[in-house]
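Here are the chains, one letter per residue:
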Amino acid sequence: SGHSRYISGSAFSPDGTRIATASHDHTAKLWKWPSGDLVATLTGHEHVIHSVAFSSDGMRIATASSDGTVRVWDGQSGRRVALLKGHKGMVQTVAFAPDGHRLLSGGSDETLRLWDTERELLLRTETGHHGSLVQATFSSDGRYVATVGSEGETVVRDASTLAVVRTLTTTG
């Protein structure tokens, strides 16, 4: 019932009763915690799944894959509820806004995308990293977004407009 290949990501549900795992076997799995019982296997991606995230209410799970798609799943049953297409390469990170409806995705096409998951609608696309976008997150109040690129910079943006607020760089 476990994954057949390397696990590349995991996330706890906000209430701590479930864990979602992402894998190189092209699946994500939803597990009960602490029993470890398998609830569902999330299938449909055609390549490696790099990242998995729960919405703040635990009702949705998002996955990011090398197949260039983001998929959104029901957080209880594992049934697919949305397919988000638009990236021109692998998608490496996903993160839900605190409202549970907006979702960030980023990847090898050097873009950050903001989605409305309820309407399966792309709201904004921005660039700004020189390399893959490897991590994205919302601030706890939902006002800001922070992204990390493979070049080592963190870019902080306004969550509504995706306008750059500040760039944090390494020195040396």
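Refer to the structure presented above.
What you see is a predicted model; the values in this text were computed from it and never measured. (Residues numbered from 1 in each chain as written. Predicted model: local features only at pLDDT ≥ 70, side-chain atom pairs only at ≥ 80, totals over all residues. Heavy atoms only, no water.)

1. Description of the pairing of strand β14 (residues 144-149)
Side chains V145, T147 and G149 of β14 all project onto a buried face; the interleaved residues Y144, A146 and V148 project onto a face where none is buried. Two elements, strand β13 (residues 133-138) and β14, share five bridges in a ladder whose sense is antiparallel. If you follow T137 over to β14, its bridge partner there is A146. A loop of five residues connects β13 with β14, the two strands running antiparallel in sequence, and G142 in this loop sits at a positive phi of about 80°. Here β14 pairs with strand β15 (residues 154-158) via five bridges, running antiparallel. Following the sheet pairing, V148 is matched in β15 by T154. Hairpin remark: β14 followed by β15, antiparallel, with four residues in the connecting loop; positive phi at G152, about 100°. (Buried < 20%, exposed > 50% of the residue type's maximum accessible area, 1.4 Å probe, protein only. Helix = DSSP H or I, 4+ residues; strand = E, 2+ residues; numbered from the N terminus. Pairing = 2+ DSSP bridges.)

2. Some words on the pattern of salt bridges
The final tally for this structure, using the stated rule, is six salt bridges. The salt bridge partner of R71 is D67, with a shortest N-O separation of 4.0 Å. For D67, a relative accessible area of 22% gives the class partly exposed. (Salt bridge = Lys/Arg side-chain N within 4 Å of Asp/Glu carboxyl O.)

3. Topic: the sheet that holds strand β6 (residues 60-65)
Hydrogen bonds between backbone groups are what pair the strands of a sheet, and the pairing can be parallel or antiparallel. Read across the sheet, four strands follow the order β5-β6-β7-β8 without closing on themselves; strand pairing throughout is antiparallel. Here the strands that pair on one side only, and so sit at the sheet edges, are β5 (49-54) and β8 (80-85). Across this sheet, the average inter-strand angle for adjacent strands is 20°, counted without regard to direction. In the sheet, β6 pairs with strand β7 (residues 69-74) via five bridges, with the strands oriented antiparallel. Residue pairing across strands places A64 opposite V70, the latter belonging to β7. (Axes fitted to C-alpha atoms, helices over the stretch in contact; angles between N-to-C directions.)

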